Every structure is written in C-alpha cells, then in structure tokens.
Amino acid sequence: GVGEGKPSTVDDLRVPVVVHFAYNKSLVGNETAGVLARVSQILRDYPQVTVVLVGHTDPRGSDRYNEALSKRRASAVRAYLVASGVQQKRITDEGRGKRQTLNADAELIKAYALDRRVELRFENLPPVTKTERQQIDLQPDH
C-alpha cells in the first residue's frame, strides 16, 4: 500500500549521482560502497526507477586504455548494485573513457580525482528525492 518501504529520513532521500575511484583502479572502495548502499536502498524502495551508469577516467593515459578502464568502473558499480539486490535489467552501463573530463575548477590532483568517476543517471526518481554530487568517496592521488 501507500508509504510502504519508503525511506524515513530526509537524508535517505538524497540520491548520490556520482561515485569516485582511485587512480588507475576500478575497485569499489569502502567509502564508495557506503554511497552505493544508499543508491541500492533507493532502487529497492522505488522499483520503477532505472539507472544508467556512465564510467569516466582522468585525462592521463591512452584513449584505448581509458576506454576499457571507464567500462570496468561502470561494470564494478553495476556488480555492486546487483549483488545488493537490484535487478540487472534496471541497470545499463557504458564507458566514456577520458572524453568527458569535468575540467573541474580545482587544483590538478583534485580535478583528476573528480574525473575518475561513474555518473548515475536515474529515470523515474520520485519527486521527493533530491540528487547530490557527493564527494565523500573522492580518492586523490597520493
């Protein structure tokens, strides 16, 4: 019925639309897993929602290498969501390599960290949700 399984706090209704990765990595880190746990909760609460995952890299390295890395990042996010109970058919993933860097207005190390990301494009999110470009899982180079 109405109101069943809905998140209870305002904070739960903030939907992250980006997660980040370490340099040259496609592993979902601990902080990122925490962010994706919120995403999967929202996807389970609202079965009408679908998501497109778009992987990206920072501008370093060859086009070909980054194309593959960006796909691995999107696939890693999809695997996490599926493992946490989201139906595979609701998730599409693709890689864009380094073609869509953010040109972030930040110092280079942070700009690169912002580029190493998977963007989450949701369809049919309920109007009560608010999207956020969270940075809690940002992983700058050491």
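Bear in mind that the values here come from a model prediction, so they are computed numbers and not experimental data. (Residues numbered from 1 in each chain as written. Predicted model: local features only at pLDDT ≥ 70, side-chain atom pairs only at ≥ 80, totals over all residues. Heavy atoms only, no water.)

(A) Quick peek at the overall build of the protein chain. When its secondary structure is counted, the protein chain shows 3 helices and 6 strands. In the protein chain, the succession of helices and strands from N to C terminus is β-β-α-β-α-β-α-β-β. Since a compact globule built from 142 residues should have a radius of gyration of about 14 Å, the 15 Å found for the protein chain is in line with a globular shape. On the principal axes, the C-alpha backbone points of the protein chain span a range of 50 × 30 × 25 Å. In the protein chain, which comprises 142 residues, the proportion classed as buried is 41%. By sequence separation, contacts in the protein chain at least 24 residues apart represent 81% of the contacts at least 6 residues apart. Where the 22 positive side-chain charges of the protein chain centre and where its 18 negative ones centre are 5 Å apart. (Helix = DSSP H or I, 4+ residues; strand = E, 2+ residues; numbered from the N terminus. Rg over C-alpha atoms; globule rule 2.2 N^0.38 Å. Buried < 20%, exposed > 50% of the residue type's maximum accessible area, 1.4 Å probe, protein only. Contact = heavy atoms within 4.5 Å. Lys, Arg positive; Asp, Glu negative; His and termini not counted. Charge placed at Lys NZ, Arg CZ, Asp CG, Glu CD.)

(B) The nonpolar core, seen in detail. Residues Val 19, Leu 43, Leu 53, Val 77, Leu 81, Leu 120 and Phe 122 are the most contacted members of the largest nonpolar core, which totals 22 residues. Listed by contribution, the elements that provide at least two residues to this core are α1 (30–45), β3 (50–55), α2 (63–83) and β5 (117–123). A per-element tally of this core places α1 first, with 5 residues. Beyond its immediate stretch of four places on either side in the chain, Leu 81 contacts Leu 36, Val 39, Ser 40, Leu 43, Leu 53, Val 86 and Ile 91. (Core = buried A, V, L, I, M, F, W, Y, C linked by side-chain atoms within 4.5 Å.)

(C) The arrangement of the packing of α1 against α2 in detail. Here α1 crosses α2 at 55°, and the two axes come no closer than 9 Å. Looking at the two axes, α1 sits oblique to α2. Of the two possible hands of crossing, α1 and α2 adopt the one that is right-handed. When α1 is examined against α2, the residues Ala 33, Leu 36, Ala 37, Val 39, Ser 40 and Leu 43 are found in contact with a partner set consisting of Val 77, Tyr 80 and Leu 81. Class assignment for the residues of the contact of α1 with α2 results in 8 nonpolar, 1 polar and no charged. (Axes fitted to C-alpha atoms, helices over the stretch in contact; angles between N-to-C directions. Parallel < 35°, antiparallel > 145°, perpendicular 65-115°, else oblique. Left-handed = near helix turned anticlockwise from the far one by under 90°. Nonpolar A, V, L, I, M, F, W, Y, C, P; charged D, E, K, R; others polar.)

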